[in-house]
Amino acid sequence: MADLLELIDISKTFDVRSGGRRATLSAVDHVSLTVRPGTTLGIVGESGCGKSTLARVIVGLHLADDGELVFDGKQMLTGKRRTPGELKQMQMVFQDPSSALNPRATISESIAFPLQVQGASKSVIAERVATVMRDVGLPAAYASRYPHQLSGGQRQRVNIARALALQPKLVVLDEAVSALDKSIQAQVLNLLSDLQDEYGLTYVFISHDLNVVRYLSDDVAVMYLGQVVEQGSAQQLYDEPKHPYTQLLLSSVPTLDPAESTRDEPVDTADSTEIPSPIDPPSGCRFRTRCPFATDLCAQVVPVPIQVGEGRTVACHLYTTP
Ligand SMILES: Nc1ncnc2c1ncn2[C@@H]1O[C@H](COP(=O)(O)OP(=O)(O)OP(=O)(O)O)[C@@H](O)[C@H]1O
Ligand SMILES: [Mg+2]
């Protein structure tokens, strides 16, 4: 089946000040990815690797410097503002369930808002709000409540309902369960999985938590300093990580099985080595300063993603040199 979303060579830089001078920060660099309809693409990587920037480029909240985006067979310009019709096809759910909601709007008003913007009639809005509230497991009586009267998990259900109100094909979830307690996290993940089946939704699911990503994702892309270093099916990637960075990330994931757990506390960064800055990323392979296998070649030549199996790519000289 044709891909629902195809990103081709997307780059996004920011003009910043660094040490009193103007500098260019490379947040997303030549990223190419595809997402099949009805599936979930997970995106993982350490803080600052460009996950949210990429998410914002996908849904049109950021203009990209360069690159192409094909959605549902149609080209969308990545450097121009989207039309309302284009915007409505993709929705985003953010990390913080509270700040995404207007504290002075009732739950039903919040969910109705995107429908009003699109000019839906009152009766359509009322019906749609009731439907999505039911689908995300919010009792009808909550319609007239305010965000502060809800729990964190319930507020995130409201955000999900609002994202679904316009019946988008793609939902980008950026750390959507990261702020929730573990038990609530599991409930919301199950809800997302059920909604995907019910609505035939396609997800881009972003998290720094590899366990959470594995739970929901069919395919996974691993980002490091703005680039995708490895992608493939979740099963292959977790069972047999190929890129040294993916190996490092997975080796520091606390296992969910208490019998296997050897660490006292969870580690959420790959190791204690300092992550280089995206303002002045290392030459050649951006990961080489932390890579145990780095050679001279890695400092000189940027590794391009190469195919290493069905739907599987790795950008690493270990796989490009014989
Ligand atoms: N509006 C902006 N202006 C300048 N720099 C930015 C802006 N947004 C992001 N950045 C920088 O771009 C890089 C990528 O940031 P981004 O928020 O995409 O990372 P992330 O992977 O989502 O991190 P986290 O896991 O902490 O959410 C970082 O170095 C960040 O400081
Ligand atoms: Mg982020």
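Bear in mind the structure is a predicted one, so any value in this text is a computation, not a measurement.

Engineer: For the site of ligand 1, give the residues involved together with the corresponding values.
Structural biologist: In the vicinity of ligand 1 there are 13 residues, among which S47, G48, K51, S52 and T53 approach most closely. Contact between ligand 1 and T53: an oxygen atom at 2.5 Å from a side-chain N or O atom of the residue. When isolated, ligand 1 has an accessible area of 640 Å², and the protein chains bury 64% of it. Broken down by secondary-structure element, the contributors of at least two residues to the shell around ligand 1 are β1 (5–18), β2 (21–35) and α1 (51–59). Here the shell around ligand 1 takes 3 residues from α1, the largest share from any one element.

Engineer: Lay out the packing of helix α5 (residues 152–164) against helix α6 (residues 182–199) in plain terms, naming residues and giving numbers.
Structural biologist: At a minimum axis separation of 10 Å, α5 and α6 run at an interaxial angle of 20°. Taken together, the axes of α5 and α6 are roughly parallel relative to one another. Read as a crossing pair, α5 and α6 show a hand that is right-handed. Between α5, through G153, R157, I160 and L164, and α6, the contact on the second element is made entirely by I184, Q187, V188, L191, L192, L195 and Y199.

Engineer: Go over the pairing of strand β4 (residues 66–71) with me, naming the residues and quoting the values.
Structural biologist: Two strands pair when backbone bridges link them, and β1 and β4 are joined in this way by 5 bridges, in the antiparallel orientation. By the bridge assignment for β4, I8 is matched with E68. With 4 bridges joining them, β4 and strand β5 (residues 74–77) adopt antiparallel strand pairing. Paired with V70 across the strands is Q75, a residue of β5.

Engineer: So what about the sheet that holds β1? Which residues, and what values?
Structural biologist: Sheet strands pair via backbone hydrogen bonds, and the direction of the pair is either parallel or antiparallel. If you walk across this open sheet you meet the 4 strands as β2-β1-β4-β5, and the pairing is antiparallel. The two strands at the open ends of the sheet, each matched to only one other strand, are β2 and β5. On average, each strand axis in the sheet is tilted by 30° relative to the strand beside it, whichever way the strands run. In this sheet, β2 lies alongside β1 in antiparallel orientation, the contact comprising 11 bridges. By the bridge assignment for β2, T13 is matched with S26. Across the sheet, α1 is in contact with β1, β2 and β4; its angle to β1 comes to roughly 120°.

Engineer: Describe in detail the UniProt feature "domain: ABC transporter" (unreviewed entry) in the protein chain, supporting the description with residues and values.
Structural biologist: Per the UniProt record, the feature "domain: ABC transporter" (unreviewed entry) sits at residues 5–250. Helix makes up 36% of residues 5–250 and strand 29%, and the two end C-alpha atoms of the span are 27 Å apart.

Engineer: Hey, could you go over the packing of aromatic side chains for me, with residue numbers and the actual values?
Structural biologist: What the rule picks out here adds up to 3 aromatic pairs. Arranged with centres 4.7 Å apart and planes meeting at 55°, the rings of Y224 and Y245 form a pair that is tilted. Here Y224 is found in strand β9 (residues 219–224), whereas its partner Y245 is found in helix α9 (residues 244–251), with 21 residues between them in sequence. On the basis of relative accessible area, Y245 is assigned to the buried category, the value being 0%.

Engineer: Please provide a residue-by-residue account of the confidence of the model for the protein chain, values included.
Structural biologist: Overall, the prediction assigns the protein chain a mean pLDDT of 91, with 93% of residues at 70 or greater. Here residues 260–271 is a poorly scored stretch, pLDDT under 50, and it has 17 contacts once near neighbours within four places are set aside; other chains count.

Engineer: Any details on the environment of V302? Residues and values, ideally.
Structural biologist: Residue position: V302 is located in the loop between α10 (296–300) and β11 (306–309). Remark: the alpha-carbon pair of V302 and G284, spanning 18 residues in sequence, is separated by 4.1 Å. Not counting the four nearest positions on each side in its chain, V302 is found in contact with G284, C285 and H317.

The rules we used
Residues numbered from 1 in each chain as written. Chains lettered and ligands numbered in written order. Predicted model: local features only at pLDDT ≥ 70, side-chain atom pairs only at ≥ 80, totals over all residues. Heavy atoms only, no water. Near = heavy atom within 4 Å. Polar contact = N/O pair within 3.5 Å; in protein donor to acceptor, adjacent residues only side chain to side chain. Areas by Shrake-Rupley, 256 points an atom, 1.4 Å probe, with all protein chains shown as cover. Helix = DSSP H or I, 4+ residues; strand = E, 2+ residues; numbered from the N terminus. Axes fitted to C-alpha atoms, helices over the stretch in contact; angles between N-to-C directions. Parallel < 35°, antiparallel > 145°, perpendicular 65-115°, else oblique. Left-handed = near helix turned anticlockwise from the far one by under 90°. Contact = heavy atoms within 4.5 Å. Pairing = 2+ DSSP bridges. UniProt positions renumbered as here; feature names shortened; annotations may be inferred. Phe/Tyr/Trp six-rings, centres within 6.5 Å; stacked < 30°, edge-to-face > 60°. Buried < 20%, exposed > 50% of the residue type's maximum accessible area, 1.4 Å probe, protein only. pLDDT = per-residue confidence, 0-100.

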